[in-house]
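Commentary on secondary and tertiary structure
Here's the letter readout for the chains.
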Amino acid sequence: MEPRSGLRRVLRFAVLLLSAAGLAGFSANAAATQWEKPAAALAEQIAAILGPAQAQIIIRNNSQIPTEEIPAIRRLLEQDLKARGIQASGTESANIIHVTLSENLRERLWVAEIVEGNETRLAMVHVEAVSEQQQAPVSGLTLRKQTVITTMQPVLAALETANNLVVIEPEEIVIYAHSADGWKEQSRVGIGQKKPLARDPRAVIYPLPNGQGFEASVAGMSCTGTPQPSADWNLHCRESDDPWFLTPPQPTQNGGAADMNIQVAPLRAFYNSARDFFTGVVTPSMGADLPPFYTAVLLLRSDGGGLLLNGIDGKVLFAEGGKLKSVSGARDWGSDFAALRSGCGAGTQIVASGSGEAVADSLRAYELPAVEAIPASAPLTMDGTITALWSGADDKSIFVVVRKTAAPGHTDQYEVDRVAANCN
Amino acid sequence: MLRQIAISCLVAALALPATARTRPHYGGTLRVEVERDPWQRPGGLARSLVLDGLTTMSSDGTAQPALAIEWKSENDDHRWQFRLRPGVHFHDGTPLNSSTVVAALTDLCGAACPWTVAHAVGSSVVFTSDSALPNLPELLAGNDYRIALAGAGNPLTAPIGTGPFQFTAFTNGVLTLSANDNCWQGRPFLDAVEVHVHRAVRDQWLDLSVGRADLVEVPAEQLREAHDQHLSVVASPPVSLLAVTISDSGALANPNLRAAIALAVDRSALSNVIFQKQGEITASLLPAEVTGYSFLFPADRDLSKAHELRGGVTPPTLTIIAESGAAMQLAAQRIALNLRDAGFNVQVANASAPQHIDLTLRRLTLESNQPQPALESMLRAAGLAIPVLERTPEGLYKIERQVLDTHMLIPLLYLPRAYAIGGRVRDLHLSVDGTPQLADVSLSDIQPEAAP
């Protein structure tokens with residue numbers, strides 16, 4: 001080994017060690033900061049009960065607080081008690097403070113049992129639970145998500161317009177407006193269905209050609225909305241069995257068509273609103289008899305294009321050139337997918353929900369060069385069950401609705417996320 | 001050659017288009033088997049399928065709109081107004097309105113209702129009460145307050161409700177419930193649910209194994225066996241409190257004797273031997289997950305303290321009864337043995353025989369995971385007085401301590417509710433109290449209908 005390179009290695013090692021120590025110190029400090037308030041509050045209550053005294057302090061951890069954070073909590077508590085006249089002592093003291101770091105489904109609960117002779121008195125403080133962040137895995141093409149809104153009501157579909165977010169709920173259309181804190185609810189209007197809803201209701205929403213308003217289909221109803229100069233919206237719903245739009249109502253460039261300068265005529269499909277699937281009758285015809293399906297995406301390629309659909313029997317098919325072809329490699333797909341024009345790889349990918357029944361559903365991008373789906377990204381965990389998925393107005397992102405019901409102790413929530421891709 | 005064929009077959013199989021998981025299909029009949037009466041209160045499976053409440057319990061234990069869409073309280077929670085959901089009909093077509101709801105609630109609890117008066121005001125039901133009812137929305141989500149059309153059907157065996165399923169028939173021990181196409185929550189995925197009633201658990205498991213049943217019960221004490229048999233089990237968190245209620249009359253009017261009984265029960269033996277370590281030992285009414293302070297109630301047996309509290313008094317022979325179920329009978333026998341160790345003479349009696357009962361071993365359901373409504377509903381179910389419940393953990397702890405210091409209710413174990421399911425059952429979830437939510441279940445082997 002050359003002396004210089006050896007020195008370099010030693011220096012590098014030292015830098016690494018220092019960095020690690022620095023990070024550890026930062027982490028310990030962050031942990032300590034987190035517990036400052038509850039430690040002070042508990043010390044205050046203990047001092048009010050015990051007064052200036054010596055006491056043996058015993059800490060028990062009944063919570064998910066990592067063991068390595070307990071010394072920091074002990075230090076804080078002892079400091080706060082000392083500041084209030086209570087000195088930590090050994091077993092010789094007649095006073096004992098049993099501190100239990102406990103928790104329930106909603107919050108942490110710190111309890112002090114203060115034993116003075118035969119008498120035990122209690123002090124309690126509650127501490128808000130801290131949610132833990134999860135990071136998406138990284139691979140060749142990386143999907144990333146951004147939360148658009150979170151709501152307590154089920155979301156069937158949503159559309160971002162120039163100034164508003166239009167959200168379709170099972171029985172209402174909700175208009176959100178921009179605010180400093182993100183989207184804020186501005187108004188809601190009943191859809192006015194006369195027929196009972198299905199158990200698994202769905203909807204689609206597309207922008208009007210001028211980009212200002214929207215057209216939406218909900219079970220048995222068709223709705224339109226246009227913004228007014230007063231910032232209010234003119235919303236109108238009517239009973240309708242008209243076919244639903246599968247692609248935007250105006251001729252557009254879709255699913256990779258932009259790169260090929262292909263104009264796509266709007267495609268519509270009849271929807272069975274009592275059973276929540278498309279009947280298989282589409283207009284204009286694709287030249288092949290389509291089976292009933294849950295989801296369909298128009299996918300254009302340089303050599304033509306076709307309709308990728310998910311049959312209600314779970315089979316993924318590609319209708320192309322008047323023929324219906326089975327797609328392999330889609331075993332892991334759920335019922336929902338959408339086209340994403342990421343510009344990575346082949347330009348357009350299909351992003352499909354996972355097939356699991358899990359409470360933590362996932363999204364994954366696939367390339368479809370022929371009739372075989374090839375994974376193009378790692379799965380992106382969505383922390384809930386995906387209930388709806390559609391392409392954004394420009395196809396450069398997709399929107400996904402995630403129902404978060406798994407965590408006991410928390411209210412059911414519906415989260416609308418925007419998912420886009422980074423090319424690596 | 002054979003190897004080449006095998007490899008070719010494998011390659012061909014891998015190349016076959018895969019079948020993906022789909023959205024739930026509509027249709028089919030779910031076959032359920034239960035040991036007890038499906039209409040019993042509380043917890044009867046059929047009640048939750050046929051009847052709705054004014055409110056329903058969310059997964060975090062707060063009341064959510066059901067037949068009532070909004071509510072407000074006035075006068076410090078002494079008056080509540082619940083506005084009803086418009087356009088809801090009972091299964092026979094009768095519209096749901098405030099009068100039908102008031103009549104249903106009067107039929108349900110009469111003079112024993114938590115409120116003093118319920119009356120119809122337009123499209124609302126107004127409850128007034130002499131004492132504050134801060135948890136009324138959560139209380140109304142409970143199984144006891146589900147709305148059945150008064151004066152129609154048979155309220156005990158075929159009530160008419162507004163729920164996702166409606167009574168169709170009861171023949172040869174099989175209760176048939178069919179989908180309510182006009183359900184306000186949306187039609188359920190299943191066409192029907194058949195409930196085979198009064199079926200022994202062993203027979204239920206046998207039927208599941210041969211494909212004659214789709215959903216069967218797994219008592220807590222048989223959870224381990226179910227796992228050993230590789231049954232597909234869906235279990236709730238611990239929601240069923242095994243507890244002894246003690247009469248404060250007769251020999252046990254003496255609070256020291258009741259306290260001695262509480263100290264003499266060996267919870268560990270009950271948990272280990274009878275309930276196969278599937279329960280959580282507890283001496284508190286609410287579990288740790290709900291309050292975080294249950295460790296403040298020591299659950300250890302203390303025979304010497306029990307003897308001390310008895311003070312040499314030998315009361316006359318006490319009687320203990322248990323709710324139905326083999327494990328409950330065994331548990332009652334073991335408690336009788338425990339108490340004998342502390343100098344009590346206890347006899348396990350038949351629950352149906354009319355006599356003075358000193359001790360009753362029963363199960364109480366945790367109906368919410370919010371501590372206040374959970375404690376209130378539990379005290380109501382146990383027939384105990386409801387104190388003014390405070391909202392802070394300290395306040396709730398004090399109330400629980402007060403209640404338990406009367407020694408009229410001895411918590412023993414928290415047990416889960418569990419079910420085993422067949423391979424075609426999809427999306428089975430349990431509600432907060434462990435009841436299966438069958439309206440959201442679908443069957444994987446159903447060919448979807450082309451049209452309804």
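Residues numbered from 1 in each chain as written. Chains lettered and ligands numbered in written order. Predicted model: local features only at pLDDT ≥ 70, side-chain atom pairs only at ≥ 80, totals over all residues.

Let's talk about the overall build of chain B
The number of helices and strands found in chain B is 13 helices and 19 strands. The globule rule puts the C-alpha radius of gyration for 452 residues at 22 Å, and the 25 Å found for chain B is close to it. Dimensions of chain B, computed from C-alpha atoms along their principal axes, come out at roughly 85 × 70 × 45 Å. Evaluated residue by residue, chain B yields a buried proportion of 48% over its 452 residues. Across chain B, contacts joining residues at least 24 apart in sequence account for 68% of those joining residues at least 6 apart. (Helix = DSSP H or I, 4+ residues; strand = E, 2+ residues; numbered from the N terminus. Rg over C-alpha atoms; globule rule 2.2 N^0.38 Å. Buried ≥ 20, exposed ≤ 12 C-beta atoms within 10 Å, placed from the backbone. Contact = placed C-beta atoms within 7 Å.)

Looking at the overall build of chain A
A tally of regular secondary structure across chain A gives 3 helices and 29 strands. Taking all 424 residues of chain A together, 42% fall into the buried category. In chain A, the share of contacts with a sequence separation of at least 24, taken over all contacts with a separation of at least 6, comes to 50%.

Side note on the packing of helix 7 (residues 255-264) of chain B against helix 10 (residues 303-310) of chain B
Residues and elements named next belong to chain B. Put simply, helix 7 and helix 10 touch, their axes get as near as 8 Å, and they point 165° apart. When the axes of helix 7 and helix 10 are compared, the pair comes out roughly antiparallel. Considering only the axes of helix 7 and helix 10, their crossing is left-handed. Judged by residue contacts, Asn256, Leu257, Ala259, Ala260, Leu263 and Ala264 of helix 7 engage Leu303, Lys305, Ala306, Leu309 and Arg310 from helix 10. Here the contact of helix 7 with helix 10 is composed, by residue class, of 8 nonpolar, 1 polar and 2 charged. (Axes fitted to C-alpha atoms, helices over the stretch in contact; angles between N-to-C directions. Parallel < 35°, antiparallel > 145°, perpendicular 65-115°, else oblique. Left-handed = near helix turned anticlockwise from the far one by under 90°. Nonpolar A, V, L, I, M, F, W, Y, C, P; charged D, E, K, R; others polar.)

Looking at the packing of helix 8 (residues 267-274) of chain B against helix 11 (residues 326-341) of chain B
Residue and element names in this part refer to chain B. At a minimum axis separation of 11 Å, helix 8 and helix 11 run at an interaxial angle of 145°. In the crossing of helix 8 with helix 11, the sense of the turn from one axis to the other is right-handed. On helix 11, the residues that touch Ala269, Leu270 and Ile274 of helix 8 are Ala327, Leu330, Ala331 and Arg334. Of the residues that constitute the contact of helix 8 with helix 11, the class distribution is 6 nonpolar, no polar and 1 charged.

Points about the confidence of the model for chain A
Residues and elements named next belong to chain A. With 82% of its residues at a pLDDT of 70 or more, chain A shows a mean pLDDT of 81. Low pLDDT, under 50, characterises residues 130-139; the predicted model gives this stretch 10 contacts beyond four residues in sequence or across chains. This model gives residues 406-410 a pLDDT under 50, and the stretch forms 11 contacts once residues within four places in sequence are excluded. (pLDDT = per-residue confidence, 0-100.)

Re the environment of Asp341 of chain B
All names here are of chain B. If you trace the backbone, Asp341 turns up in helix 11. The sequence separation of Asp341 and Gly422 amounts to 81 residues, and the corresponding C-alpha distance is 45 Å. Ignoring anything within four residues of it in the chain, the contact list for Asp341 reads Ala264 and Leu303.

What to know about unusual backbone geometry
Across the junction of Thr283 of chain A and Pro284 of chain A, the peptide omega takes the value 0°, indicating a cis bond. Assignment of secondary structure puts Pro284 of chain A in the loop between strand 17 (277-283) and strand 18 (293-301). A positive phi angle, close to 60°, is found at Asp383 of chain A, a residue other than glycine. Residue position: Asp383 of chain A is located in the loop between strand 26 (380-381) and strand 27 (385-391). If you check the backbone angles, Gln276 of chain B has positive phi at about 50° while not being a glycine. For Gln276 of chain B, the position within the fold is in the loop between helix 8 and strand 13 (280-281).

Re the domain arrangement of chain B
Residue and element names in this part refer to chain B. Looking at the assigned domains, one finds that chain B contains domain 1 (52-152) and domain 2 (237-416). One C-alpha centre belongs to domain 1, the other to domain 2, and the line joining them spans 31 Å. Residue-level contacts link 11 residues of domain 1 with 12 residues of domain 2. Taken together, the residues of the side of domain 1 that touches domain 2 break down into 5 nonpolar, 4 polar and 2 charged. (Domains from an automatic or database assignment.)

Describing the sheet that holds strand 10 (residues 182-190) of chain A
Residues and elements named next belong to chain A. One open sheet holds the 4 strands; their spatial order is 7-8-9-10, and the pairing between them is antiparallel. Edge strands, defined here as strands with exactly one partner in the open sheet, are strand 7 (157-160) and strand 10. The sheet shows a mean angle of 20° between the axes of neighbouring strands, taken without regard to direction. Relative to strand 10, strand 9 (residues 172-179) runs antiparallel, the two sharing 8 bridges. Its bridge partner lying in strand 10, His178 is registered against Trp183. (Pairing = 2+ DSSP bridges.)

As for the pairing of strand 1 (residues 53-61) of chain A
Residues and elements named next belong to chain A. The pairing of strand 1 with strand 2 (residues 86-89) spans 4 bridges and is parallel. The residue of strand 2 that forms the bridge with Gln54 is Gln87. Crossover handedness for the path strand 1 to helix 2 (residues 70-83) to strand 2: right-handed. (Right-handed = clockwise from strand over helix to strand, strands pointing away.)

Quick notes on the domain arrangement of chain A
A common way to state how big an interface is: give the accessible area lost once the parts meet. For chain A, the domain assignment lists domain 1 (27-128) and domain 2 (141-423). For domain 1 of chain A and domain 2 of chain A, the distance between their C-alpha centres works out to 52 Å.

Let's talk about the nonpolar core
If you look at the biggest cluster of nonpolar residues, it comprises 153 residues, and the most contacted ones within it are Leu42, Ile46, Leu77 and Trp110 of chain A together with Val193 and Ala331 of chain B. The element best represented in this core is strand 17 (residues 409-421) of chain B, accounting for 10 residues. Sequence-distant contacts of Leu42 of chain A, defined by excluding residues within four places in its chain, comprise Leu77, Trp110, Ala112, Ala123 and Val125 of chain A. Residues Leu290, Leu309, Ala338 and Leu389 of chain A belong to the second largest nonpolar core, which totals 88 residues. (Core = buried A, V, L, I, M, F, W, Y, C linked by C-beta atoms within 7 Å.)

Comments concerning the sheet that holds strand 5 (residues 79-84) of chain B
Residues and elements named next belong to chain B. Taken together, the 4 strands give an open sheet; going across it, the order is 4-5-7-6, and neighbouring strands pair in antiparallel fashion. Looking at the sheet topology across the chains shown, the edges are occupied by strand 4 (68-74) and strand 6 (117-121). The mean inter-strand angle of the sheet, taken between neighbouring strand axes irrespective of direction, is 20°. In the packing of helix 3 (residues 98-109) onto the sheet, contacts are made with strand 5, strand 6 and strand 7 (124-128), and the angle to strand 6 comes to roughly 165°.

Overview of the pairing of strand 17 of chain B
Residue and element names in this part refer to chain B. Within strand 17, 13 of the 13 residues are buried, leaving the element largely enclosed by the surrounding structure. One ladder, built from 4 bridges, connects strand 11 (residues 215-218) with strand 17; its direction is antiparallel. Within the sheet, the bridge partner assigned to Glu217 lies in strand 17 and is Tyr419. Relative to strand 17, strand 12 (residues 232-246) runs antiparallel, the two being bridged by 11 bridges. Bridge pairing in strand 17 links Val234 to Tyr419. Pairing analysis gives 2 bridges linking strand 13 to strand 17, with the strands arranged antiparallel. In the sheet register, Ile281 faces strand 17, and the bridge partner there is Leu413.

Some details on helix 10 of chain B
Residue and element names in this part refer to chain B. Ala306, Leu309 and Arg310 are the residues of helix 10 that are buried. Each buried residue of helix 10 sits inside an arc of 100° when the element is viewed along its axis, so together they form one side. Where helix 10 is buried, its residues contact helix 7. Downstream of helix 10 by one or two residues, Gly311 has phi in the positive range, about 60°. (Arc of directions from axis to C-beta.)

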